[in-house]
Structures are given as C-alpha cells and as structure tokens.
Amino acid sequence: MIDGAIPYLRCPVCREPLARQERALRCPRRHSFDMARQGYADLSAGRLPHVGDSAEMVADRADFLAAGHYSFIAEALAEYGAEGLVLDAGTGTGDYLARFLEAAPEAVGLGLDVSKPALRRAAKAHPRAAAVLTDLWRPLPVADAAASVILDVFAPRNGAEFRRVLRPGGLLLVVTPAADHLAELITAHGLIQVDPDKAARVSGSLGEHFAQVSSITLRRELKLTAAEARTLIGMTPSARHVPADDLPTRDLTVTVAVDLAVYRPLR
C-alpha cells in the first residue's frame, strides 16, 4: 500500500513532497510519476543504467525464501523493532521487510529496488509496505531524516544517502555474505566467490557517515534437495554464469553464513 509511505516520499526532480492523484504521484511543481498497476511507484525520473534482477532470478528467490531457508536472517533483523518508517534498500521480493513489519505493528515499510519483477512482488508483500522503483546509487526519493531503520540485505550501500534519510539515533542494519557463505556451491559449481575484501569495502562505503556499534555472524547448515540447490543458485548473481549442465543433481548440505552489522549515524 503506497498511501502510508507517501508522506515520506519526495519528488526525484525537485525534492518537493508528493501527493497521490488517482494512478500517479505529483508534486506542487507538477512533476508526475506513474503508479504501475501492480502497485509500485516509478520514481526513477529517467532512464536507469541497469534493470536489476531478472524475472527468473526473482521467482527463484521468492520460492527459496518462502520455503523458510533464510528465515533465521529475517528473525534476527526483526528483533530490532521500529516505529515510523522502515526503509528497505534493495528490497527484492520484500520478504525481509514484511517479516520486520510483522514484529513492528507501529511501523510503515518502504522498499526500494531497481528491478521491476521484484517490485511487483514487493508491492504485495505486506499491507503496510510500499514499493518504489529507483536506483540506490542516485539521490533517494525520500525525505531527510525520514527513516527510523534502514535495512540493507545483500544490497548496494549508498552511505551519504542513507545518512541523509536516516533520522538521528536511527539504525542501519546491513547483511553481507561471510567468508564461507555458500562455500560448498562455490567449490562444486563455480559460483562467484565472496570478495575477500568485502568487510573493507563495506566499511569504506559507510565509514564517513556511520559508526558500527555491533556485528554478529549468523550461520546455518542447510540440507537441500537438488531442486532447492538449483533454486538457490538461480537467485544469485551466479545464475548468469553457471551452465545448465553444471547445476546440482543430488541432495547436498550448504553453509549459509552472513554478517549482520549495526550502524548508527555520525553526528
């Protein structure tokens, strides 16, 4: 539902507040942005340099998450709770945002993504969640100090914009792959490896604007069927690189390991 998030949105052209007029969002300067019939708003304000996850990747992600394999990540995020706006940067299917909102009855969700197939699902993920098409590397169509919590799960991190839209005292929750994430699939099927400098790159993208206050590693051993393992590969960037005849054909155990870091904005 877009209506609950409209007070937090801003025109991507002039930064003025937006109001809904039938199937569009308009600002006082008459810039107008269409609402897709699937429920998300297009605030991209021009051609996007990339289109994000494909429909096939999104479908695999939806199936894998619906099976509960990554529920432990969603549960860890939801423990932080919030009131007001929860911004999910790179929301994908909206699964993590929906789980967060279930534990935060006074919160409103806003999922941002560049993938239209993902946003079609995110727009329906939760009654208090809205979905918006935008590029995370550009200025976000969100008001200053609007969000009480920002979720960033396997997504790009725009430190300057996250700092601008997060209110003083708010939380930025960042989930990134740990060193042994999906290690068995990487070894057996040539998936893209976790960048050994990942932690340094995350720190570099956020350090000027945020202070890390805690970090934990979440780890599970998943016993997957061959079909589930193929779905897991299909929802990752490696989906474009693993030949069909090199996909799993038998059941296997896969390590899922992620780092959950908590940041607060610098004054």
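All values reported here derive from a predicted model rather than from experimental measurement. (Residues numbered from 1 in each chain as written. Predicted model: local features only at pLDDT ≥ 70, side-chain atom pairs only at ≥ 80, totals over all residues. Heavy atoms only, no water.)

1. Some thoughts on the overall build of the protein
Okay, so step 1: From N to C terminus, the protein includes eight helices and eleven strands.
Okay, so step 2: On the principal axes, the C-alpha backbone points of the protein span a range of 60 × 40 × 35 Å.
Okay, so step 3: Across the 267 residues that make up the protein, the buried fraction comes to 52%.
Okay, so step 4: Carbon and sulfur atoms make up 50% of the accessible area of the protein, which amounts to about 12,400 Å² in all.
Okay, so step 5: Each charge sign in the protein was given a centre, from 31 positive and 32 negative side chains, and these centres are 6 Å apart. (Helix = DSSP H or I, 4+ residues; strand = E, 2+ residues; numbered from the N terminus. Buried < 20%, exposed > 50% of the residue type's maximum accessible area, 1.4 Å probe, protein only. Areas by Shrake-Rupley, 256 points an atom, 1.4 Å probe, with all protein chains shown as cover. Lys, Arg positive; Asp, Glu negative; His and termini not counted. Charge placed at Lys NZ, Arg CZ, Asp CG, Glu CD.)

2. Side note on the sheet that holds strand 1 (residues 19–21)
Okay, so step 1: Strand order in the open sheet formed by three strands is 1-2-3, with antiparallel pairing between adjacent strands. Of all strands in the sheet, those with a lone pairing partner are strand 1 and strand 3 (32–34), marking the two edges. Pairwise comparison of adjacent strand axes, ignoring direction, gives a mean angle of 30 degrees for this sheet.
Okay, so step 2: In the sheet, strand 2 (residues 24–26) pairs with strand 3 via three bridges, with the strands oriented antiparallel. Bridging from a neighbouring strand, leucine 25 pairs with phenylalanine 33 of strand 3. (Pairing = 2+ DSSP bridges. Axes fitted to C-alpha atoms, helices over the stretch in contact; angles between N-to-C directions.)

3. Some remarks on the nonpolar core
Okay, so step 1: Counting 41 residues, the largest nonpolar core has Tyr70, Leu77, Phe100, Leu173 and Leu232 as its most contacted members.
Okay, so step 2: Looking at this core element by element, the count peaks at six residues for strand 11 (residues 252–265).
Okay, so step 3: With residues up to four places along the chain from it excluded, the contact list for leucine 232 reads Phe64, Tyr70, Leu182, Leu185, Leu224 and Val254.
Okay, so step 4: Within the second largest apolar cluster, 38 residues are counted, among which are Ile2, Leu87, Ala146 and Ile150. (Core = buried A, V, L, I, M, F, W, Y, C linked by side-chain atoms within 4.5 Å. Contact = heavy atoms within 4.5 Å.)

4. Concerning a positive patch on the surface
Okay, so step 1: A cluster of basic residues, Arg23, Arg37, Lys116, Arg120 and Lys124, forms a positive patch at the surface.
Okay, so step 2: You can see arginine 23 is positioned in the loop between strand 1 and strand 2. (Patch = residues over 30% accessible without salt bridge, like charges linked within 9 Å, V, L, I, M, F, W, Y side chains within 5 Å. Salt bridge = Lys/Arg side-chain N within 4 Å of Asp/Glu carboxyl O.)

5. Considerations on the pairing of strand 5 (residues 84–89)
Okay, so step 1: For strand 5, a buried count of five out of six residues is recorded, marking the element as mostly surrounded by other parts of the structure.
Okay, so step 2: Of the pairings in the sheet, the one linking strand 5 to strand 6 (residues 107–113) comprises six bridges and is parallel in character. Along strand 6, the bridge assignment pairs valine 86 with glycine 109.
Okay, so step 3: In this fold, strand 5 hands off to helix 3 (residues 95–102), which returns the chain to strand 6; that crossover is right-handed. (Right-handed = clockwise from strand over helix to strand, strands pointing away.)

6. Observations regarding the state of the cysteines
Okay, so step 1: Considering all chains together, one arrives at zero disulfides under this definition.
Okay, so step 2: You can see cysteine 11 has no disulfide; the closest cysteine sulfur is in cysteine 14, sitting 3.7 Å from it.
Okay, so step 3: By relative accessible area, which is 0% here, cysteine 11 ends up buried.
Okay, so step 4: Cysteine cysteine 14 is unpaired, with the sulfur of cysteine 27 as its nearest cysteine sulfur at 3.6 Å. (Disulfide = S-S within 2.5 Å.)

7. Regarding the side chain of histidine 69
Okay, so step 1: Along the chain, histidine 69 turns up in the loop between helix 1 (55–66) and helix 2 (71–78).
Okay, so step 2: Here histidine 69 falls in the buried class, since its relative accessible area comes to 13%.
Okay, so step 3: Polar side-chain contacts of histidine 69 include one of 3.4 Å to the side chain of glutamate 228.
Okay, so step 4: Leave out the neighbours within four places in its chain, and histidine 69 touches Phe64, Leu222, Leu224 and Glu228. (Polar contact = N/O pair within 3.5 Å; in protein donor to acceptor, adjacent residues only side chain to side chain.)

8. Remarks on the packing of aromatic side chains
Okay, so step 1: Tallying each qualifying case throughout the model produces one aromatic pair.
Okay, so step 2: Ring centres of phenylalanine 64 and tyrosine 70 lie 5.4 Å apart, and the angle between their planes is 85 degrees; this geometry places the pair in the edge-to-face category. Across the pair, tyrosine 70 and phenylalanine 64 agree in class, each one buried. (Phe/Tyr/Trp six-rings, centres within 6.5 Å; stacked < 30°, edge-to-face > 60°.)

9. Remarks on the UniProt feature "domain: Methyltransferase" (unreviewed entry) in the protein
Okay, so step 1: UniProt marks residues 86–170 with the feature "domain: Methyltransferase" (unreviewed entry), using the numbering shown here.
Okay, so step 2: Span residues 86–170 is 26% helix and 33% strand, its end C-alpha atoms 10 Å apart. (UniProt positions renumbered as here; feature names shortened; annotations may be inferred.)

10. Focus on the sheet that holds strand 7 (residues 129–133)
Okay, so step 1: Taken together, the eight strands give an open sheet; going across it, the order is 4-7-6-5-8-9-11-10, and neighbouring strands pair in mixed fashion. Here the strands that pair on one side only, and so sit at the sheet edges, are strand 4 (41–42) and strand 10 (210–224).
Okay, so step 2: Pairing of strand 6 with strand 7 involves five bridges; the strand directions are parallel. Looking at strand 7, one finds that glycine 111 is bridged to alanine 131.
Okay, so step 3: The strands touched by helix 2 are strand 8 (147–153), strand 9 (166–177), strand 10 and strand 11; relative to strand 10, the strand with the most contacts, the crossing angle is about 155 degrees.
Okay, so step 4: Each of strand 10 and strand 11 is contacted by helix 8 (residues 226–234), which is oriented at about 150 degrees to strand 10, the strand it contacts most.

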